[in-house]
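What follows is the residue order along each chain.
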Amino acid sequence: MQSKISISNLDFYYGKTQALFDISMEIPERQVVAFIGPSGCGKSTFLRTLNRMNDTIPIARAEGVVKIDGENIYAPGTDVVALRRKVGMVFQKSNPFPKSIFENVAYGIRINGLHKNKADLQERVEKALRDAALLNEVKDRLNSSAFGLSGGQQQRLCIARALAVQPEVILMDEPASALDPIATQKIEELVVELKKQYSIVIVTHNMQQASRVSDKTAFFMLGKLIEFNPTQKMFTNPDERLTEDYITGRFG
Amino acid sequence: MSQTGTIGDKLFRSVLLIAAASILVIVAAILYMMVQNSLPTIERFGVGFLTGREWKPAQEEFGALPFIYGTLASSIIALVLSIPISLGVAIYMVEQAPKKLARPIAFLIELLAAIPSVVYGLWGIFVLAPFIRDYLGVFLQDYFGWLPFFQGRLTGIGMLTGGIILALMITPIITSVVRDVLEAVPTTQREAALALGATEWETTRIVLGNAASGIAGAVVLGLGRAIGETMAITMVIGNSAQISISLFEPANTIASLLASNFAEATDKIYMSALIEIGLVLFLVTFVVNALAKLLILKVASGTNSAKHA
Ligand SMILES: Nc1ncnc2c1ncn2[C@@H]1O[C@H](COP(=O)(O)OP(=O)(O)OP(=O)(O)O)[C@@H](O)[C@H]1O
Ligand SMILES: [Mg+2]
């Protein structure tokens, strides 16, 4: 399988504190990769290096190479705006804009000028909502506020919003951690469905979730990548002792 | 409030309650006293007091319209000038400036807000007025003289000078409130926009959308300040009870009328007229400030901004 993202020797610093140590990893195309590890081990930090979201933190600094489709996104002159269009992101807490359901999804389409006309915009919004398994629940109230949706619906709205700009990669940082089991299940089904079209990286604290949705799993500890293997292997016969201890709940 | 606790606690609570209640009593007392003392003109002129254009105390003729007009017009000029600057500075401080720069800017703005109004007035007389008379006014007449706003005699004292001074005085307060409001917008909103491929400007627009009602509140707060401002405007507006479309003409505001005429108001009806116009000012600023507080509260409590379900 061809790799979509290729990370080599990535170090990351918040000011003087190093948060990631020499990480190298290949993220395959159209698969789900799960990041697991104890709190504070750098999963979010690493995820956010993949669309340069850490650029918003003034003291943050990355060293190393992250190639997406063969191009180093940390090379000088990289178009960060275009990069983030290509690498979408869904956050831990749903964060819809204070706009209508329709306008939330339309936002990314509009700013990137993806639509040809009004009908096309409508179509794209509906497709994104359908792909995010939300359309049926909201089709009668597209023009009402996004804040009227339940937590799980808001999170799927954020996924729809991300899908609408036609990214190639979707990064998800604990997208279901604030949701109840039923809403979580919907998100998980969605992730499995979405990998037909997108490469997905998902951070999760939930071992079952990682084993249910992912093809490969990466285990981090203290800013280091301890093990990266097919999920099947990770959960039955990991190479590292640390991985086994973590997965079986012997610490952390 | 629970009624448990020692006698000391009860005493403490009563003292606080009395303190809180006294505020209400004071406001009510001021209102009552003002209505009482303005009854002579309220009864004699009725609504005509608010719509009359002539203010001739010697002939016992009292029309407040020029002062109401002057107050509103100078405040609106102030807002028009101040809003873009305040928004620009606040956005720069919150969205762009590195911490090292944002702090000193915030400090400077607080300093500006603390300058006594009479100092602004002096500056207006000695610096701004000559500047308008010799440069800005000349420029405006040369290029925009075909507009009725910029016709008439240039003295440097008048509506425009008053409006600019007011703009300077309300810019710090609007800026610092807008800054607080922008800071209250969750980072997740900015990240959401960025993650969709938004540029800095597009991201800022999302932030402004979140903060809209708070920004409106800040503006209304500035308006309240401008309407009530007295000392500085008295010194530069020219104190003339006329309604003129030209911004170079002298005008007058309610607050400045009161400040400059109270001492000479000896007879009862003149006094009553001044108090009634003061009452108008009181009510307008009260409503404006209440509105501002309400709008700002809305952002702080997240009614209109990004809140998680
Ligand atoms: N903005 C920041 N400034 C400074 N240090 C930070 C910042 N964000 C994270 N860190 C530090 O970097 C390390 C990694 O944090 P990160 O958020 O990536 O962990 P995580 O694995 O996502 O944890 P969690 O599972 O709790 O979300 C932690 O020690 C954290 O304190
Ligand atoms: Mg995290």
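Residues numbered from 1 in each chain as written. Chains lettered and ligands numbered in written order. Predicted model: local features only at pLDDT ≥ 70, side-chain atom pairs only at ≥ 80, totals over all residues.

*Asks:* Kindly report on the overall build of chain A, identifying the contributing residues and their values.
*Replies:* Along its length, chain A carries ten helices and ten strands. Whereas a compact globule of 252 residues would reach a radius of gyration of roughly 18 Å, chain A reaches 18 Å, a difference of no more than 12%. Along the first, second and third principal axes, the C-alpha set of chain A runs to 55 × 45 × 35 Å. Buried residues in chain A amount to 46% of all 252 residues. Excluding contacts between residues fewer than 6 apart, the proportion of contacts in chain A whose partners are at least 24 apart in sequence is 67%. (Helix = DSSP H or I, 4+ residues; strand = E, 2+ residues; numbered from the N terminus. Rg over C-alpha atoms; globule rule 2.2 N^0.38 Å. Buried ≥ 20, exposed ≤ 12 C-beta atoms within 10 Å, placed from the backbone. Contact = placed C-beta atoms within 7 Å.)

*Asks:* Tell me about the packing of helix 4 (residues 118-131) of chain A against helix 6 (residues 151-164) of chain A, and please be specific about residues and values.
*Replies:* Residues and elements named next belong to chain A. Remark: helix 4 packs on helix 6, axes separated minimally by 8 Å, with the N-to-C direction vectors making an angle of 130°. The pairing of helix 4 with helix 6 is recorded here as oblique in orientation. With respect to the hand of their crossing, helix 4 and helix 6 are arranged in right-handed fashion. Contact residues: helix 4 offers Arg 124, Val 125, Ala 128, Leu 129 and Asp 131, while helix 6 offers Ala 160, Leu 163 and Ala 164. Here the contact of helix 4 with helix 6 is built from residues that sort into six nonpolar, no polar and two charged. (Axes fitted to C-alpha atoms, helices over the stretch in contact; angles between N-to-C directions. Parallel < 35°, antiparallel > 145°, perpendicular 65-115°, else oblique. Left-handed = near helix turned anticlockwise from the far one by under 90°. Nonpolar A, V, L, I, M, F, W, Y, C, P; charged D, E, K, R; others polar.)

*Asks:* Give a description of the sheet that holds strand 7 (residues 169-173) of chain A that names residues and reports values.
*Replies:* Remark on secondary structure: sheet strands pair via backbone hydrogen bonds, oriented parallel or antiparallel. Residue and element names in this part refer to chain A. Ordered by their spatial adjacency, six strands build an open sheet running 6-7-8-3-9-10, and the pairing between neighbours is mixed. The strands lining the two open edges of the sheet, one partner per strand, are strand 6 (87-90) and strand 10 (224-230). Between one strand axis and the next, the sheet turns by 15° as a mean value, whatever way the strands run. On the sheet, helix 6 packs against strand 6 and strand 7 and is oriented at approximately 170° with respect to strand 6. (Pairing = 2+ DSSP bridges.)

*Asks:* Could you give an account of the sheet that holds strand 4 (residues 60-68) of chain A, with specific residues and numbers?
*Replies:* Residue and element names in this part refer to chain A. Strand order in the open sheet formed by four strands is 2-1-4-5, and the pairing between neighbours is antiparallel. In this open sheet, the two edge strands, each paired with only one partner strand, are strand 2 (17-28) and strand 5 (71-72). The pairing of strand 1 (residues 3-14) with strand 2 spans eight bridges and is classified as antiparallel. Across the sheet, residue Ser 3 finds its bridge partner in strand 2, namely Pro 28.

*Asks:* I'd love a proper account of the site of ligand 1, names of residues and values included.
*Replies:* Around ligand 1 sit A:Tyr14, A:Ala19, A:Gly37, A:Ser39, A:Gly40, A:Cys41, A:Gly42, A:Lys43, A:Ser44, A:Thr45 and A:Ile57, and that is every residue in its neighbourhood. Of the residues forming the shell around ligand 1, the biggest block, three residues, is contributed by helix 1 (residues 43-49) of chain A. (Near = placed C-beta within 6 Å.)

*Asks:* Residues and numbers for the interface of chain B and chain A, please.
*Replies:* Contact residues are listed per partner, giving 21 residues for chain B and 27 residues for chain A. Counting residues per element, the ones that place at least two in the side of chain B that touches chain A are helix 7 (187-195) and helix 8 (200-228) of chain B. Among the elements that take part in the side of chain B that touches chain A, helix 7 of chain B stands out by supplying six residues, more than any other. Residues that form the side of chain B that touches chain A fall into these classes: nine nonpolar, nine polar and three charged.

That is the geometry; function is a separate question.
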